[in-house]
Amino acid sequence: MEEEKYQKMIKRCLRCSVCKWIPQVQIKSQKYASGCPAIDIYNFHPYSGGGKIILALAYEMGRLKPTEELRDIVYKCTECGNCAVACKYMNTLEPLEIIMKLREKLVSVGCGPMPKQQAYIDAVKKVHNPYNEPHEKRIDWLTDEIKLDPNAKVLYFVGCTSSYRRKEMAIAAARIMNEAGVPFNILQDDEFCCGSPILRTGDVYTFEQILNRNIDIIESKGIETVVFSCAGCYDTFKVDYPLRRKYNFRVLHTVELFDELITSRQLQLTNQVPLIVTYHDPCHLGRNAERYEDWDGDIVPLMPLVSINIPPKPKRTGSKGVYDAPRNILNSIPGLKFVEMERIQEYAYCCGAGAGVKSAFPEMALKTAITRVDEAEDSGAEIIVSACPFCSTNLQDGIKGKNSKLIYYDINELILMALGLETEKMKQATAEVV
Ligand code: SF4
Ligand code: SF4
């Protein structure tokens with residue numbers, strides 16, 4: 001967010017607190033009416049989106065100093081974007097962008113990010129992944145059965161979490177592309193972190209170096225389409241990169257690609273998968289994956305603190321996230337019963353892992369995941385699926401944390417089952433029996 005826009009916007013919060021909830025018309029029960037994990041857990045106004053705007057204003061006015069106390073409140077936020085969607089029902093602010101800018105300001109005076117986040121940023125600088133794993137092990141997930149095509153125009157950008165922590169997701173995505181006859185390649189040693197975990201902490205300088213390097217390497221290979229199975233990498237390439245630098249390739253999440261392939265019958269799901277399944281919308285595939293629309297109008301002042309946009313500026317409401325594709329896939333799987341949770345699509349509740357919270361505030365990440373697992377249980381599902389390795393890790397921690405009977409699958413693992421292929425979980429189970 002540009003400085004001028006930030007300075008104006010932080011003065012326009014109405015203090016209405018609408019951003020603590022999902023929009024009133026979407027509320028189905030008191031239990032699942034809230035929308036902001038930070039206020040739900042810390043229960044004090046500064047933790048909410050609107051509260052953080054007041055902190056931003058007080059900081060600009062010199063009434064707050066860059067202390068550890070301020071830093072902790074600003075970083076206890078998953079940048080899930082619920083506040084940005086909810087605020088559009090009352091006002092036209094961008095609380096999420098304000099929070100990101102406030103973090104940028106704290107970083108610029110040495111008051112951010114959190115120490116654990118700085119450690120993973122240093123790891124990315126050194127070994128190109130936040131887990132501090134050796135770079136040469138990045139492609140250890142590749143199995144002999146996966147066929148790569150060095151001349152392919154489709155690139156599968158695997159991402160750090162699937163490469164090192166959620167290998168079953170990378171394997172499933174690659175095997176489905178093979179099964180559908182989609183020629184693809186990976187960057188192998190040339191794949192570095194997408195920069196998402198760094199951008200979200202406010203270290204914009206490091207992020208810009210990473211995005212320039214990633215765009216350069218992909219464009220140098222003549223790639224036409226980049227496919228992601230990680231919602232975080234996808235959102236970062238789709239929404240955040242173009243704000244700083246345009247590129248000449250198309251980006252798709254695997255759910256979008258596989259939905260197209262199922263519709264065109266290039267992928268035929270014929271195997272029965274008799275499970276009751278609910279779907280968790282990742283924030284980075286849902287509301288935050290809505291692109292910014294170009295707007296070239298005038299801001300006309302009407303009175304102090306009040307101005308209008310001529311012509312009206314498009315509101316970024318989150319409704320243009322990727323919601324149909326995963327649901328179409330689930331509804332195409334024979335024998336599968338799909339049930340929805342109460343908070344879905346642009347009103348979905350966060351898994352709790354994003355924006356460096358999982359590393360800096362694991363207790364916040366776990367409590368949020370448990371809340372989401374509660375909601376999944378209440379839907380009547382036996383399986384919870386999603387389409388993001390970060391959601392996968394955190395929701396599985398939530399399942400363990402509350403001793404739930406729910407089982408987590410990546411959506412691509414369910415596609416494998418519907419294709420009659422073994423998932424990595426099935427192979428492991430067979431190996432344990434043998
Ligand atoms: S981004 Fe999410 S966690 Fe952060 S203040 Fe907004 S609603 Fe709360
Ligand atoms: S909904 Fe918007 S205007 Fe209302 S308190 Fe939240 S940020 Fe401020």
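Computed from a prediction, not measured in an experiment: that's the story for all the values here.

Draft legend 1. Here's a closer look at a nonpolar patch on the surface. Taken together, the side chains of V300, L302, M303, V306, I308 and I310 present a nonpolar region at the surface, about 490 Å² in accessible area. Elements that contribute at least two residues to the nonpolar patch include exactly β5 (298–303) and β6 (306–310). Examined against the element boundaries, M303 turns out to sit in strand β5.

Draft legend 2. Region of the structure containing the pairing of strand β8 (residues 383–386). On β8, burial covers both faces: I383 and V385 on one face and I384 and S386 on the other are all buried. Summarising the sheet, strand β4 (residues 276–279) and β8 pair through 3 bridges and their orientation is parallel. In the strand pairing of β8, T278 is matched with I384. As defined by bridge partners, β8 adjoins strand β9 (residues 407–410) across 4 bridges and the pair is classed as parallel. Following the sheet pairing, I383 is matched in β9 by I407. For the handedness criterion, the β-α-β arrangement of β8, helix α17 (residues 389–401) and β9 is classed as right-handed.

Draft legend 3. Representation of the site of ligand 1 in the model. Surveying the vicinity of ligand 1 reveals 13 residues, the closest of which are C36, C77, C80, G81 and C83. Residues of the shell around ligand 1, tallied by class, amount to 7 nonpolar, 5 polar and 1 charged.

Calculation criteria
Residues numbered from 1 in each chain as written. Chains lettered and ligands numbered in written order. Predicted model: local features only at pLDDT ≥ 70, side-chain atom pairs only at ≥ 80, totals over all residues. Heavy atoms only, no water. Patch = residues over 30% accessible without salt bridge, like charges linked within 9 Å, V, L, I, M, F, W, Y side chains within 5 Å. Areas by Shrake-Rupley, 256 points an atom, 1.4 Å probe, with all protein chains shown as cover. Salt bridge = Lys/Arg side-chain N within 4 Å of Asp/Glu carboxyl O. Helix = DSSP H or I, 4+ residues; strand = E, 2+ residues; numbered from the N terminus. Buried < 20%, exposed > 50% of the residue type's maximum accessible area, 1.4 Å probe, protein only. Pairing = 2+ DSSP bridges. Right-handed = clockwise from strand over helix to strand, strands pointing away. Near = heavy atom within 4 Å. Nonpolar A, V, L, I, M, F, W, Y, C, P; charged D, E, K, R; others polar.

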